[in-house]
Structure formats: structure tokens, C-alpha cells
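Overview (structure and organization)
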Amino acid sequence: MDIWLVPLCALGGAIAGWFAAPLAERYFERPARWARPGVALTMAVTFGALAWRFAGRAELPAFLYLAAVGSLLAFVDVAVKRLPDPYTLPSYLIGPALLCVAVLTGGRPVRLGHAAIGLAVLWVLYAVQHLVAPGAIGWGDVKLSGVLGLYLGWLGAAAWWLGVLAGFVLGGLYAAGLLITRRGSRKTEIPFGPFMLAGALAGILLTG
């Protein structure tokens, strides 16, 4: 059963992404032909990767939810440099609820404490950065950070550190690339949400 779980989840992600894409496009300033296939492909890949990572484990639905919401947020942020509240804020309720279900169906209760700590610490870390350099870290990034901290904390300290550091490294490399190619300056605003999400995905997949 586990062997077929990866392609089944990938197919489900592709279908979910195709039909969910309008939820991202509603925030676009103009129609984008690449949005629907892009969201579908992103969800297919992330769903498949997470099915491989959590095959047979109770927390898989919780992480599939993160992949779905994260895919929408990434495309919106790239398009309009915004992380909409209707996708980040409900995740502070839905994410913990799904993780509680995972505990009730076989997960370890101590992980909920780790998840709560991960949420709080990462939220504070981003909030401080926002106060110090609001042009570099937006309030939307702060809201997203708590959600990612929740999931990374659930997996433990190694996943949390790798996920956080990978996000900053990827964002820094992208910013450096803009400077080197002269496509941007130090004041250029970049959508940091996709790098946060990619870093979190690295922490999730490469630890444990």
C-alpha cells in the first residue's frame, strides 16, 4: 500500500492544485496562464515527496495541508509580493488540529509541545526582524513563520534549524543573484515567502 501512496498522493496533488489555482489567481493583478499548471505541478511534487517522507504515518494529512496552502501562498507571493491572511491565519487552527488528530491516531503527544515551541520561537524571531528591518521582512512573512515553525518543531530541533537556515540561505542567494546580474539593488523587495517554504520543505524532507 505504501508503494502506491506516493503516486496516488502526487496525482491527488495535481488534481487539487488544478482546481485550487483560482484561489491564488484571485489575488493576481492580471491573469497568468502559468498559474494553474504551475500550482498543479507544485502540489503534485510536494504531495508526492511528503507521501514518501511520511508513508504510513499519522501526520501525513497535516503535512499535505501545509503543502496545499504553501503552494498557493508561494504563487501569490511571487505574483504580487503578498501572503494573504485567509491562508496563513486559519492555518494556526487547522495545523494544530490536524497534528492533534495525528497524536490521537498513533503520534507521540510530546511532539505537540515541540510544535508549540517551534511556532513561538520562529514567530518571535521573524517579528523581531520585522521590527528592525520592515523592508526586508514583511508582516506576512511573520505570520507565515509561525505556521512553518509549528510543523518544523513537530519534527524536532534538527528539522527546525535546517528549515529556518535553508530559507535564509535560499533567499540570500537569490538576492545576491539579483545584485550580481544587476537586476536589482539592495533596496529591491523580493518575495521571501517561497524561500521560507522551500527551506521548510528541505527541513521536513532531509531530517528524521
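Please read all numbers here as calculations on a predicted model, not as lab measurements.

A short note on the overall build of the protein chain
What the protein chain contains, in helices and strands, is nine helices and zero strands. Over its C-alpha trace the protein chain gives a radius of gyration of 17 Å, about what one expects of a compact globule, namely 17 Å for 208 residues. Overall size of the protein chain, expressed as C-alpha extent along the three principal axes, is 50 × 35 × 30 Å. Going through the 208 residues of the protein chain one by one, you find that 47% of them count as buried. Expressed as a percentage of contacts within the protein chain between residues at least 6 apart in sequence, the contacts between residues at least 24 apart total 73%. In the form shown here, the protein chain has an accessible surface area of approximately 10,800 Å², with 71% of it arising from carbon and sulfur atoms.

Comments concerning a nonpolar patch on the surface
A contiguous nonpolar surface patch, about 620 Å² in accessible area, is contributed by W123, V124, V128, L131, V132 and W139. Turning to its location among the elements, W139 is positioned in helix 7 (residues 139-155).

Some details on the pattern of salt bridges
On inspection of all chains with the given rule, the structure shows two salt bridges. With a shortest N-O distance of 2.7 Å, E59 and R57 are connected by a salt bridge. Judged by relative accessible area, which is 30%, R57 ranks as partly exposed. In this structure, K143 and D85 form a salt bridge, with 2.8 Å as the shortest nitrogen-oxygen distance. Placement of K143 in helix 7 and of D85 in helix 4 (residues 85-88) is noted, with a sequence separation of 58 residues between them.

Considering the packing of helix 5 (residues 91-104) against helix 7
Where helix 5 contacts helix 7, the two axes come as close as 10 Å, and the packing angle between them is 10°. In terms of their interaxial angle, helix 5 and helix 7 are classed as roughly parallel. In this structure, helix 5 uses S91, Y92, G95, P96, L99, A102 and V103 to contact helix 7, whose residues at the interface are V142, K143, G146, V147, L150, Y151 and W154. The class makeup of the residues in the contact of helix 5 with helix 7 is ten nonpolar, three polar and one charged.

Topic: the packing of aromatic side chains
Going through the model one piece at a time under the given rule, you end up with twelve aromatic pairs. When the centroid spacing of 5.0 Å and the interplanar angle of 75° are considered together, the rings of F63 and Y151 count as edge-to-face. Separated by 88 residues along the polypeptide, F63 in helix 3 (residues 60-80) and Y151 in helix 7 bring together distant segments of the chain. Under the relative-accessibility criterion, Y151 is labelled buried at 1%. On the basis of an interplanar angle of 40° and a centroid distance of 5.2 Å, the ring pair of Y174 and F195 is categorised as tilted. In this pair, Y174 sits in helix 8 (residues 157-180) while F195 sits in helix 9 (residues 193-206), placing the two residues 21 residues apart along the sequence. The exposure class of Y174 is partly exposed, given its relative accessible area of 38%. For F195, a relative accessible area of 16% gives the class buried. Aromatic rings pair up to connect Y126, F168, Y174, F192 and F195 into one cluster.

Rules and cut-offs
- Residues numbered from 1 in each chain as written.
- Predicted model: local features only at pLDDT ≥ 70, side-chain atom pairs only at ≥ 80, totals over all residues.
- Heavy atoms only, no water.
- Helix = DSSP H or I, 4+ residues; strand = E, 2+ residues; numbered from the N terminus.
- Rg over C-alpha atoms; globule rule 2.2 N^0.38 Å.
- Buried < 20%, exposed > 50% of the residue type's maximum accessible area, 1.4 Å probe, protein only.
- Contact = heavy atoms within 4.5 Å.
- Areas by Shrake-Rupley, 256 points an atom, 1.4 Å probe, with all protein chains shown as cover.
- Patch = residues over 30% accessible without salt bridge, like charges linked within 9 Å, V, L, I, M, F, W, Y side chains within 5 Å.
- Salt bridge = Lys/Arg side-chain N within 4 Å of Asp/Glu carboxyl O.
- Axes fitted to C-alpha atoms, helices over the stretch in contact; angles between N-to-C directions.
- Parallel < 35°, antiparallel > 145°, perpendicular 65-115°, else oblique.
- Nonpolar A, V, L, I, M, F, W, Y, C, P; charged D, E, K, R; others polar.
- Phe/Tyr/Trp six-rings, centres within 6.5 Å; stacked < 30°, edge-to-face > 60°.

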